[in-house]
2 protein chains.
Amino acid sequence: MKALVTGASGFAGRHLVAHLTEAGDSVIACDRAGVDAVDIVDRDAVHQAFARFQPEVVYHLAALTHVGDSWNEPQAVLRVNVEGTLNVLDAAQAAGVRRVLVVGSAEEYGRAGTEYPLREDAPLLPNSPYAATKVAASYLALQAYLGAGLETVRVRAFNHTGPGQTDRFLIPALARRIAEAERDGHDHITVGSLDPVRDINDVRDIVRAYRLAVLEGEPGAVYNVCSGAGHSVGEIAAALLARARVRLRLVQDPNLVRPVDVPSLIGDASRLRAATKWQPAFTLEATLVAVLDEARANAAR
Amino acid sequence: MKALVTGASGFAGRHLVAHLTEAGDSVIACDRAGVDAVDIVDRDAVHQAFARFQPEVVYHLAALTHVGDSWNEPQAVLRVNVEGTLNVLDAAQAAGVRRVLVVGSAEEYGRAGTEYPLREDAPLLPNSPYAATKVAASYLALQAYLGAGLETVRVRAFNHTGPGQTDRFLIPALARRIAEAERDGHDHITVGSLDPVRDINDVRDIVRAYRLAVLEGEPGAVYNVCSGAGHSVGEIAAALLARARVRLRLVQDPNLVRPVDVPSLIGDASRLRAATKWQPAFTLEATLVAVLDEARANAAR
């Protein structure tokens, strides 16, 4: 299977490329830089790349993914996340691509209220510019199927972490603070709000779901990718601290609290499981250990 | 009330400006050309205009609205309809605008299936690039309210016609063909598919609903603007032909049939009526007569 991955140098992208390669696929890894450089907002470049490589399946991961940043640069996020998706869909259509996976986010549900876990038909109440662009991209992908017959499959990925995630995201940030506290002999680490509850997944499970969804899912459908379990930031921090090699206190820093945040995101992956038999393989414990080990290796450099 | 209208030179825009002026509002009529020229895709220009005029209410109508055209230039439609909306929302936020109306379309429902009339919670199954951009813009507007507290009100306008609509749209096109047949002594007019069913409204009722919706509606809410009655293209054509001054046959031209079209769009405006007491004032008959009279005046030039 000839697969083209956009955003291949990103966190999930690198894991996906590894997984596809391992599964025997022939992988074209596209990103802004590198050998197969394609800037997703450059319509002609995307068309040329798809025409040249003639992929059978496209995994469209290229996106600006930081919720907090999206408040400061909504236009840039819109260009990459929405116009970039349009470019991918049009180019896939032109190149006769068989199936396209468009990666969305649990953030699309936003303030979906109090009924958890969230099923795919829950209302979409995007709270951040990032979330709104992901909803927009999802509807472009649905339209490409309904209107033009391009077989798009959409996923809404819930939070995921694992080796290789930048410490601009919560769990690697906490892991780094712990690793540095261990190294430097500090007695505490800082954290923002302890309250938000998230459905935390291992990136390696997530990318496995991407491949199953695009190959075995229904065109036009959307699938949650999630564990079904919710953990508060406080619980995650405590679980990481329990693994620290020194005794560390958790100190709340008001500067780290986001002004607007979605209180809870817990998903129901029944639809994906029914379609593909996907099951997460990593426990939360195993994932946190992997992130912490990486942070320690980085801190030791 | 100081009101800024984007897309003020468009079909609905001109009717809205007239209605607001009549209602006593102080109107800033913005469009790409003209006195208060603002290109909606120029972020800085939009910000400057909002800062300069300090409107209390913004009616965001600027859009590329032709469903058929959107297949040929999806990127341009995305820029104007989605990025333009982002610019308006951001500028409104920065300028302290009290309320913003964001105009969507019945096309957002697309192939919503068989349950008519459509309520606002019907699934959105956009069929054309135009429809997908309208869904995207709607979610940006919802996000601006949920995430940033900007009081946006969204409407989904069903089909509307009336004096001043370009004959690139169905009813003025049929009226023009009738007026020219009357003038030139032809015995028939051509038409595409007779089957699509639409909820046809008078543009003057529609723009009245816009003002009521933004002033009296709930922030964050979306309202259908529609009559609740469906008419097939065949019925509309027959009603126009019944008003022709000569006997004309209706001849189907396969070249006029759109490859992909939404079979039926009939809406339920209960939510808007409950919030604002809006009622359509024009009968379909009165609207068709107005369009036909204008077509005859144009044909006589």
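Everything below is about the structure shown above.
Owing to the predicted nature of the structure, the values given are computational and were not obtained by experimental measurement.

Rotating chain B by 180° and translating it 0.0 Å along the rotation axis places it on chain A, where the RMSD comes to 0.0 Å. Both copies of the chain, as the preceding transformation shows, are related through a two-fold rotation axis. When each C-alpha of chain B is compared by its distance to the rotation axis, A136 of chain B comes out closest, at 2.2 Å.

On to the pattern of salt bridges. Taken as a whole and assessed by the stated rule, the structure comprises 34 salt bridges over all chains. Here R271 of chain A makes a salt bridge to E120 of chain A, at a shortest N to O gap of 3.8 Å. Separated by 151 residues along the polypeptide, R271 of chain A in helix 9 (residues 270-276) and E120 of chain A in the loop between strand 5 (99-105) and helix 5 (129-148) bring together distant segments of the chain. On the basis of relative accessible area, R271 of chain A is assigned to the partly exposed category, the value being 37%. Here R99 of chain B and E151 of chain B are joined by a salt bridge, their closest N and O atoms 2.8 Å apart. Linking R99 of chain B in strand 5 (residues 99-105) with E151 of chain B in strand 6 (residues 151-157), this pair joins segments that are 52 residues apart in sequence. Since its relative accessible area comes to 10%, R99 of chain B is described here as buried.

This paragraph deals with the nonpolar core. Grouped together as the largest cluster of nonpolar side chains are 86 residues, with contacts concentrated most on Y59, L101 and Y210 of chain A together with Y59, L101 and Y210 of chain B. Beyond its immediate sequence surroundings of up to four residues, Y210 of chain A is in contact with L16, Y59, L61, L101, V103, V155, A157 and H160 of chain A. One finds A49, V80 and V97 of chain A together with A132 of chain B within the second-largest nonpolar core, a separate group that totals 59 residues.

In this assembly, 29 residues from chain B lie in contact with 29 residues from chain A. The junction of chain B with chain A conceals about 2500 Å² of combined surface from both sides, 65% of it contributed by carbon and sulfur atoms. Inspection of the chain B/chain A interface yields two salt bridges. Across the salt bridge formed by R79 of chain B and E83 of chain A, the nearest N and O atoms sit 2.7 Å from each other. Among the elements that line the side of chain B that touches chain A, the one with the most residues is helix 5 (residues 129-148) of chain B, at 11 residues.

Residues and elements named next belong to chain B. By the element assignment, A37 lies in strand 3 (residues 36-37). A residue is classified by how much of its surface remains accessible, and A37, at 43% relative accessible area, is partly exposed. For the pair A37 and T6, spaced 31 residues apart in the sequence, the C-alpha separation amounts to 9.8 Å. Setting aside anything within four residues of it in sequence, one finds A37 in contact with D31 and R32.

So, about the environment of H47 of chain B. Checked against the element boundaries, H47 of chain B lands in helix 2 (residues 43-53). Along the sequence, H47 of chain B and D90 of chain B sit 43 residues apart, while their C-alpha atoms lie 7.8 Å from each other.

Right, let's talk about the sheet that holds strand 9 (residues 197-198) of chain A for a bit. Residue and element names in this part refer to chain A. If you trace the three strands from one edge of the open sheet to the other, you get 12-9-14, paired in mixed fashion. Only two strands of the sheet have a single neighbouring strand rather than two, namely strand 12 (231-232) and strand 14 (264-265). Relative to strand 12, strand 9 runs antiparallel, the two being bridged by two bridges. Within the sheet, the bridge partner assigned to R198 lies in strand 12 and is H231.

Rules of the game
Residues numbered from 1 in each chain as written. Chains lettered and ligands numbered in written order. Predicted model: local features only at pLDDT ≥ 70, side-chain atom pairs only at ≥ 80, totals over all residues. Heavy atoms only, no water. Least-squares fit on C-alpha atoms with pLDDT ≥ 70 in both. Salt bridge = Lys/Arg side-chain N within 4 Å of Asp/Glu carboxyl O. Helix = DSSP H or I, 4+ residues; strand = E, 2+ residues; numbered from the N terminus. Buried < 20%, exposed > 50% of the residue type's maximum accessible area, 1.4 Å probe, protein only. Core = buried A, V, L, I, M, F, W, Y, C linked by side-chain atoms within 4.5 Å. Contact = heavy atoms within 4.5 Å. Buried area = accessible area lost by both parts, 1.4 Å probe. Pairing = 2+ DSSP bridges.

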